[in-house]
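Analysis of the macromolecular model
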Amino acid sequence: MSTVLFREVPVTSPVHSLWAGTKMIGAFLISVVLMFLPSWPVLGLMITFLIAIGVLARLPLSTLPRLPWWFWAMLGAGALLNVPIGGDAVLRYTNAAIFGLILLASSFLIAWTTPMGDIAPALAKLGSPLRKLRVPVDEWAVVIALTLRGLPLLMEEIRVLRAARRLRPQVSLLNRAADNPFIDILTAAMAVSTRRATELGEAITARGGTGQLTARPSAPGRNDVIALSVVIAVCLGAVALDLLT
């Protein structure tokens, strides 16, 4: 798969300037509406809305993921499995697949328009009411932020390992039978991840600990209120559209 995964696209746009928490709330509202009203008109409205956000964010077309052929083959195989059940089953399967792709696209839009360093402070602020219940909000925010930060690094390391493996000399047919590329890459990825985790931990300690990850001041502004109002209006419009159709 060729895509910019969980990395901000360095362009200037109104979407990039929004608070990270506003984007997460918007994605949550869209997912709730789709969860309860996954009809075709609502799906079409949400797809149009996400495309409009992508245009407003000035994301280049090269940002769009180029999924591998086996991904589409698996989607097609799932549809074929539903053919013996009937046309309604195929439509329901297609409906669920589009629903999942919309949620995936909304997550990608957040990642493409938000610096990873803004995720932890936003999560800590959104979860601040839970501190009264002694919920470890800051620790959860740090874990989520580090996980999102580590995913691009892991993907990059796996690409390097795969490229290095292709450069290995061809082995004999007998040795090739005992060769397992998945195990080799997985073992190497674990070793590299351990080294990366050690370096990341040392860097965080040198900068004052994990508390600094959530200590960055962040708060919504006037543009965030406008953006959230637009998202709520779209969600209410989706509900009205579903009731009218």
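Further up the page is the structure itself.
Presented here is an overview of the structure given in this document. (Residues numbered from 1 in each chain as written. Predicted model: local features only at pLDDT ≥ 70, side-chain atom pairs only at ≥ 80, totals over all residues. Heavy atoms only, no water.)

**Considerations on the overall build of the protein chain**
As a reminder of what qualifies: A run of H or I in DSSP counts as a helix once it spans at least four residues, and a run of E counts as a strand once it spans at least two, with each numbered from the N terminus. Burial classification: accessible surface area is computed with a 1.4 Å probe over protein chains only, and a residue below 20% of its type maximum counts as buried, one above 50% as exposed, and the rest as partly exposed. The contact definition used throughout considers only heavy atoms, calling two residues in contact when any of these lie within 4.5 Å.
Within the protein chain, the secondary structure is distributed over 10 helices and 0 strands. Within the protein chain, the fraction of its 245 residues that count as buried is 30%. Restricting to contacts in the protein chain with at least 6 residues of sequence separation, those with at least 24 account for 80%.

**Let's talk about unusual backbone geometry**
Here the phi dihedral of Arg58 falls at roughly 60°; this positive angle occurs in a residue that is not glycine. Structurally, Arg58 can be placed in the loop between α2 (40-56) and α3 (69-82). The exposure class assigned to Arg58 is exposed, which follows from its relative accessible area of 53%.

**Thoughts on helix α5 (residues 119-126)**
Where burial is concerned, most of α5 is hidden: 6 out of the 8 residues are buried. Among the residues of α5, those classed as buried are Ile119, Ala120, Pro121, Ala122, Leu123 and Ala124.

**So, the packing of aromatic side chains**
Convention followed: Working definition: a ring pair exists when centres of Phe, Tyr or Trp rings (six-membered ring for Trp) sit within 6.5 Å. Plane angles under 30 degrees give stacked, over 60 give edge-to-face, the rest tilted.
Per the stated rule, a full pass over the model turns up 2 aromatic pairs. Relative to Trp72, the ring of Phe71 lies with its centre 5.2 Å away and its plane at 80°, an arrangement referred to as edge-to-face. Taking relative accessible area as the criterion, Phe71 reaches 23% and is therefore assigned partly exposed. Of the residues examined, Trp72 reaches a relative accessible area of 46% and is grouped as partly exposed. Ring plane angle 20° and centroid distance 5.3 Å describe the contact between Phe108 and Trp112, whose orientation is recorded as stacked. With Phe108 and Trp112 both in helix α4 (residues 87-113) and 4 residues apart, this pair spans about one turn of that helix. Comparing Phe108 with Trp112, the two get one shared label, buried.

**Quick notes on the nonpolar core**
Stated precisely, the cut-off is as follows: Only buried residues count toward a nonpolar core. Its members are Ala, Val, Leu, Ile, Met, Phe, Trp, Tyr and Cys residues joined through side-chain atoms within 4.5 Å.
Residues Leu34, Val42 and Met46 are the most contacted members of the largest nonpolar core, which totals 21 residues. Listed by contribution, the elements that provide at least two residues to this core are α1 (20-36), α2, α4 and α10 (222-244). In terms of residues, this core owes the most to one element, α2, which gives 5 residues. Those residues within four positions of Leu34 in sequence are excluded, and the remaining contacts are Val42, Leu43, Met46, Phe99, Ile102 and Leu103. If you look at the next biggest cluster of nonpolar residues, it comprises 12 residues, including Met24, Ile110, Met116 and Leu123.

**Concerning α10**
The periodicity of an α-helix, 3.6 residues per turn, causes residues three or four positions apart to be oriented the same way. Going by this rule: Expected helix span is computed as 1.5 Å times (number of residues minus one).
With 23 residues, α10 should cover 33 Å at 1.5 Å per step; its first-to-last C-alpha distance of 33 Å lies within 8% of that length. Taken together, the buried positions of α10 are occupied by Asp224, Ala227, Val231, Val234, Cys235, Ala238 and Asp242.

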